[in-house]
Amino acid sequence: MLLVLLPCTPSQVRATPCSGAEQQLASIRKELAAGNSRAAEQMLQEMEHTHPECPEAILAHARIADAKGATAEAEDTFVRYANLAPTVGNAYSYHARFLLEHGQYQRADDLSAQALEVDPNDAVALAVRGEILDMKGQPQQGMELLEKACQLDPRNARAQFQLATIYDRAKRLADAVSHFEKVVEMDPSNAQAWDYLALDLEPLGEVERADLAYQKGLAANQPGPHFDSFLDYNYGRFLMKRNDLPASKRHLDRAVELAPDIRAPWYERAKLNLRVKNYAQAREDAERAANIRDPRGIIIDLQLYVLLEQIYTRLGDTASAGKYARLSRQTPVPPRKD
Amino acid sequence: MTGVLRPTTLVGMTSAFACTLGAALLVSSKPNEQSRIRFENRQAQSGVTFILNNGTTDDKPIIDSTLGGVALLDYDNDGYLDLFFTNGASIPSLSKSNPTFSNRLYHNNRDGTFTDVTEHAGVAGEGYSMGAAAADYDNDGWVDLYLTGVNRNILYHNNKDGTFTDVTQKAGVAGISDGRKLWSVSAAWIDYDNDGLLDLLVTNYLDWSPENSRVCGPQGRRLSCPPSLYKGEPNILYHNNGDGTFTDVSEATGIARHVGKGMGVAIADYDGDGWTDIFVANDNERNFLFKNRRGQGFDEVGVESFVAYTDDGVPVSSMGADFRDWSNSGRPGLFVTALGGETFPLFRNEDHGIFTMATYESGIGFASFKMSGWGAGIYDLDNDGYKDLFSANSHVSENADVNPQQQYRQPNGVFQNLRNATFRDVSVEAGPAMRLRAAHRGAAFGDLNNDGKVDVVVSAIGSPAELLYNTSTGGNHWIAIETVGTKSNRDGIGTRIKLTAESGLVQYNEVTTAGSYASSSDKRVHFGLGRDSIIKEIELRWPSGTLQLLRNVKTDQVLKITER
């Protein structure tokens, strides 16, 4: 028994090719997590001088290649690392995340499962697998894995974000807020996280905090992976509820510019124009909205009919108003989601 | 349909993944110069021990969440409002199998206490009761009482001696349509044809029965099923024949042509044509506004008037409703309670037959988003001349708390009118009574102690009813007008009152006992008058068409006005 245990005690750990490089590897991981691939690459070069045989350097190379957009090179390098370290969980987990990000869902699905088989406590594997399960329509299982991932590695902003979106969809608003707050704390440039945060604060009655989150999101909303083309739309709606109509108009104007093929911004701006009695513009916006399909049902046809009826009534066009009144009466109401 | 556009990344990826896998108020912040609205719950010292018993079972059948009507009526004509509470029954027998299911009548002892007179009065009731509507339907000067319920509606005639007689069968108002008893929730006394006799509108909800009852939610944590699982029912309008009987005119008047899921009902002459109209709050269906066709029938114009849906073009789970002029415009507006996450629709009457939803514009949007409301009232609670809003709150489902975002027991809500068409949520600062969490349901409004302030009585499932005495400060003046019709119905229901105070402030209201949720309120019309101690003019337009004026009227009194 003692003999079996001895190799596992820290003082008896055998030297490996990476022994002594733990600190450097941690720093490289940290830089990569922060998106600083150049700094990571420099550190990696230094480490390879002292630890040329350390297999984890290959993983770092793969991640750096990915960060630099060298997709084929990254792919090859991930595979090479997995061949060298087939019993290490992260040989598959980072590769799975890479595949997920590049739209190779089936392979990502397989690899993430394999990664967890090798190491059920690999935080990266848990996060990737959780995200994939959620995408496969298994949000409960996905949530459980992501919760574990976030416990093991609270600094994984992506896992925090994914977990928060599951809470958001499950209407666990306070939980969603808590995790979106972690995301924006780690990455204040994540405009999408700010948007979600604001959207979830609002129904909790945290109106001022929601307003602040929207503003921070707008300040951070730059082209890039976290660019949020709906942020202006959501803030415009929010400002209309707060009766700040000029500001609402500014954001809804921008919203229709950013998402001209989506019904909701046109619809919302039509509502605003109706409210400020700009009926001609309201009609134009509402008719534009009516000509855009909304397969996601963000704005259903019934809503448009009701709005168009109101606009045409105010314009004195009784025939059109009557048409939309009839349409709204004929349209079944959506069932309540209890 | 939520209108919210979540950031896109996930959605796009989800779609791609599925394809690949083939699977898967502006609230005024100015210093509050207004009096403070405050309530004090005096149930404990009142002798009122009523607890609403819904008789629920483990399966949480949908009827268990929708009961709880309250009526304030002066059944013995002593000048003080008495209390009546409807109550549930055993499920599935739907019988009042033990005294805890009894409806209750409490006599007001005029000293803040009440005496339970249920047995003597003979109003313990039968069946699974829901709502109450009080009025003098036979013009004999004594208020009568109509009860709605799942399997039994009852009309009690007041015998003028402290007792009532069940005259339902003789009167023909049992709530039966096509040979089937419908599940009735609310009722409103209304003289729709201005013939001097009160008619009766009954809202009906779902086609539920013990046999077709559905079960929702996991075992041990059952939730109230959504109304979408049941078909809706038509409402019923009974015409008063003047001989103690009524005729079902639902088909003839067009009322029955519109099938909804009726809960609350409120009445007012919204278009000022002298004929009282009807608003029916439908649960997750479009609301109905029945425009009175000069006593000949009704046109349902909810869609055309823009009260059928919210301003976002969707229906909400409308439950309670009140129909009064909250903007001092001379045109009655609507206040509707609904479920959490929906907000409480507040409609401003724009004239020309159309309304605008002003929920967020008026400042009640964000606050009411978190509330689930039942009883609803538009009353001047601080007597400043501007009507405030009250909601009796609770989630529908007893097991709602299994979702940490939901709370079954909720405190009631009160929104103070800031005199500029906006309101402020003052619930928390209105006293400890307004912070009491309970499964509130019906709410009736009236001045219990004749001190000139509108009090509220609220029922609550599983806990004592609350007697919320209005202890608002400010010392404002008031008047309560009791109308006595001669050509019009004796209660004067439907009389439109315009009051012009010495300062020039003009207010409007109408005589009705209907409104709120399944409840019946003080028929006296209350006006707050702020610092005005003299009323320049009171104008009454009776349902008969009579116009009556009173000038230079003193405030701080209950003024009885008889139709001339």
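Every value quoted in this text rests on a predicted model; they were computed, and no experiment measured them.

Quick notes on the overall build of chain B
When its secondary structure is counted, chain B shows six helices and 39 strands. Here chain B has a C-alpha radius of gyration of 22 Å; the compact-globule value for 564 residues is 24 Å, and the two agree. Over its C-alpha atoms, taken along the principal directions, chain B stretches across nearly 80 × 55 × 50 Å. Going through the 564 residues of chain B one by one, you find that 62% of them count as buried.

Digging into the overall build of chain A
What chain A contains, in helices and strands, is 19 helices and zero strands. On C-alpha atoms alone, chain A measures out to a radius of gyration of 26 Å, which is more than a quarter above the 20 Å that the 2.2 N^0.38 rule sets for 338 residues. Along the first, second and third principal axes, the C-alpha atoms of chain A reach 90 × 40 × 35 Å. Taken over 338 residues, chain A has a buried fraction of 46%. A separation threshold of at least 6 residues defines the contact pool for chain A, and within that pool the share at least 24 residues apart is 44%.

Here's the deal with the sheet that holds strand 5 (residues 114-116) of chain B
Residues and elements named next belong to chain B. Strands sit in the order 2-3-4-5 across an open sheet of four strands; the sheet is antiparallel. Either end of the sheet is taken by a strand with one partner, and the two such strands are strand 2 (70-73) and strand 5. Sheet twist, expressed as the average angle between the axes of neighbouring strands with direction ignored, equals 20°. Bridge analysis of strand 3 (residues 82-85) against strand 4 (residues 104-108) gives three bridges, and the strand direction is antiparallel. Each residue of the ladder has a partner; that of Phe85, found in strand 4, is Arg104.

Here's the deal with the interface of chain A and chain B
With 46 residues of chain A at the contact, the number on the chain B side is 44 residues. With six residues, the single largest contributor to the side of chain A that touches chain B is helix 18 (residues 301-315) of chain A. Considered class by class, the residues forming the side of chain A that touches chain B number 21 nonpolar, 14 polar and eleven charged.

Re the sheet that holds strand 1 (residues 39-41) of chain B
Strand pairing in a sheet relies on backbone hydrogen bonds. The paired strands run either parallel or antiparallel. Residues and elements named next belong to chain B. Overall, antiparallel pairing links the four strands, which are arranged 1-32-31-30 in an open sheet. Two strands bound the open sheet, and with one partner strand each, they are strand 1 and strand 30 (439-446). Across this sheet, the average inter-strand angle for adjacent strands is 25°, counted without regard to direction. Where strand 30 lies against strand 31 (residues 455-461), six bridges are found, and the strand directions are antiparallel. Bridge pairing in strand 31 places His440 opposite Ala460.

Considerations on the pairing of strand 2 of chain B
Residues and elements named next belong to chain B. By the alternation rule, side chains of strand 2 split into Val70 and Leu72 and Ala71 and Leu73, which are all buried. In terms of strand pairing, strand 2 meets strand 3 through four bridges, oriented antiparallel. By the bridge assignment for strand 3, Leu73 is matched with Asp82.

Some points on the packing of helix 14 (residues 231-241) of chain A against helix 15 (residues 245-258) of chain A
Residues and elements named next belong to chain A. Relative to each other, helix 14 and helix 15 sit at 155°, their axes nearing to 8 Å. One element, helix 14, and the other, helix 15, form an angle in the roughly antiparallel class. Where helix 14 crosses over helix 15, the two elements pack in a sense that is left-handed. Between helix 14, through Asp232, Tyr233, Tyr235, Gly236, Leu239 and Met240, and helix 15, the contact on the second element is made entirely by Leu245, Ala247, Ser248, His251, Leu252, Arg254, Ala255 and Leu258. Residue composition of the contact of helix 14 with helix 15, grouped by class: nine nonpolar, three polar and two charged.

Let's talk about helix 4 (residues 56-67) of chain A
Residue and element names in this part refer to chain A. Counted at 1.5 Å a residue, the expected span for helix 4 with its twelve residues is 16 Å, and the 17 Å between its end C-alpha atoms agrees. The inward-facing, buried residues of helix 4 contact helix 2 (22-33), helix 3 (37-50), helix 5 (71-84) and helix 6 (90-101). Just past helix 4, the residue Gly69 takes up positive phi, approximately 85°.

Observations concerning the confidence of the model for chain B
All names here are of chain B. Per-chain confidence: chain B averages 94 in pLDDT, with 95% of residues scoring 70 or above. Scored below 50 in pLDDT, residues 9-32 shows 33 contacts in the model against residues more than four places distant or in partner chains. Reported for the predicted complex are a pTM of 0.90 and an ipTM of 0.90.

A few points about the pairing of strand 26 (residues 373-379) of chain B
Residue and element names in this part refer to chain B. Here strand 26 lies mainly inside the structure; seven of its seven residues are buried. Note: strand 26 against strand 27 (residues 388-393), five bridges, orientation antiparallel. Looking at strand 27, one finds that Gly373 is bridged to Asn393.

A look at the environment of A:Gln192
Mapping A:Gln192 onto the fold places it in helix 12 (residues 191-201). The sequence separation of A:Gln192 and A:Lys171 amounts to 21 residues, and the corresponding C-alpha distance is 18 Å.

Notes on helix 18 of chain A
The α-helix advances 3.6 residues per turn, and as a result positions three or four apart in sequence lie on the same side. All names here are of chain A. For helix 18, built from 15 residues, the straight-helix expectation of 21 Å at 1.5 Å per residue is met to within 8% by its first-to-last C-alpha distance of 21 Å. Within helix 18, twelve of the 15 residues are buried, which leaves it mostly tucked inside the rest of the structure. Those residues of helix 18 lying buried are Leu302, Gln303, Leu304, Tyr305, Val306, Leu307, Leu308, Glu309, Gln310, Ile311, Tyr312 and Thr313. Taken together, the buried residues of helix 18 touch helix 16 (263-275), helix 17 (279-290) and helix 19 (318-330). Backbone geometry just downstream of helix 18 places Gly316 in the positive-phi region, at approximately 80°.

Brief notes about the confidence of the model for chain A
Confidence in the prediction for chain A averages 91 pLDDT; 95% of positions are at 70 or higher. Every residue in residues 1-13 of chain A scores below 50 in pLDDT, and together they form two contacts with partners more than four places removed in sequence or on other chains.

Some words on the environment of B:Ile538
Residue and element names in this part refer to chain B. By the secondary structure assignment, Ile538 is in strand 37 (residues 534-541). Sequence separation between Ile538 and Asn108 is 430 residues, and the spatial gap between their C-alpha atoms is 30 Å. For Ile538, the residues in contact, after removing those within four places along its chain, are Ile497, Leu499, Leu550 and Val553.

Some points on unusual backbone geometry
Residue and element names in this part refer to chain B. Put simply, Ile91 and Pro92 share a cis peptide bond, and its omega is 15°. With respect to the helices and strands, Pro92 occurs in the loop between strand 3 and strand 4. The backbone of Lys60 sits at a positive phi, close to 50°, despite the residue not being glycine. Inspection of the secondary structure assignment puts Lys60 in the loop between strand 1 and strand 2. For Arg419, which is not glycine, the phi dihedral falls at a positive 70°. Counting through the fold element by element, Arg419 comes out in the loop between strand 28 (413-417) and strand 29 (423-425). For Arg419, a count of 16 C-beta atoms within 10 Å translates into the label partly exposed.

Some thoughts on the environment of A:Gln24
Residue and element names in this part refer to chain A. Its place among the elements puts Gln24 in helix 2. Distance in space between the C-alpha atoms of Gln24 and Glu117 is 27 Å, their sequence separation being 93 residues. In this structure, Gln24 is in contact with Met43 and Met47, ignoring residues within four places of it in sequence.

What counts and what doesn't
Residues numbered from 1 in each chain as written. Chains lettered and ligands numbered in written order. Predicted model: local features only at pLDDT ≥ 70, side-chain atom pairs only at ≥ 80, totals over all residues. Helix = DSSP H or I, 4+ residues; strand = E, 2+ residues; numbered from the N terminus. Rg over C-alpha atoms; globule rule 2.2 N^0.38 Å. Buried ≥ 20, exposed ≤ 12 C-beta atoms within 10 Å, placed from the backbone. Contact = placed C-beta atoms within 7 Å. Pairing = 2+ DSSP bridges. Axes fitted to C-alpha atoms, helices over the stretch in contact; angles between N-to-C directions. Nonpolar A, V, L, I, M, F, W, Y, C, P; charged D, E, K, R; others polar. Parallel < 35°, antiparallel > 145°, perpendicular 65-115°, else oblique. Left-handed = near helix turned anticlockwise from the far one by under 90°. Expected span 1.5 Å × (residues − 1). pLDDT = per-residue confidence, 0-100.

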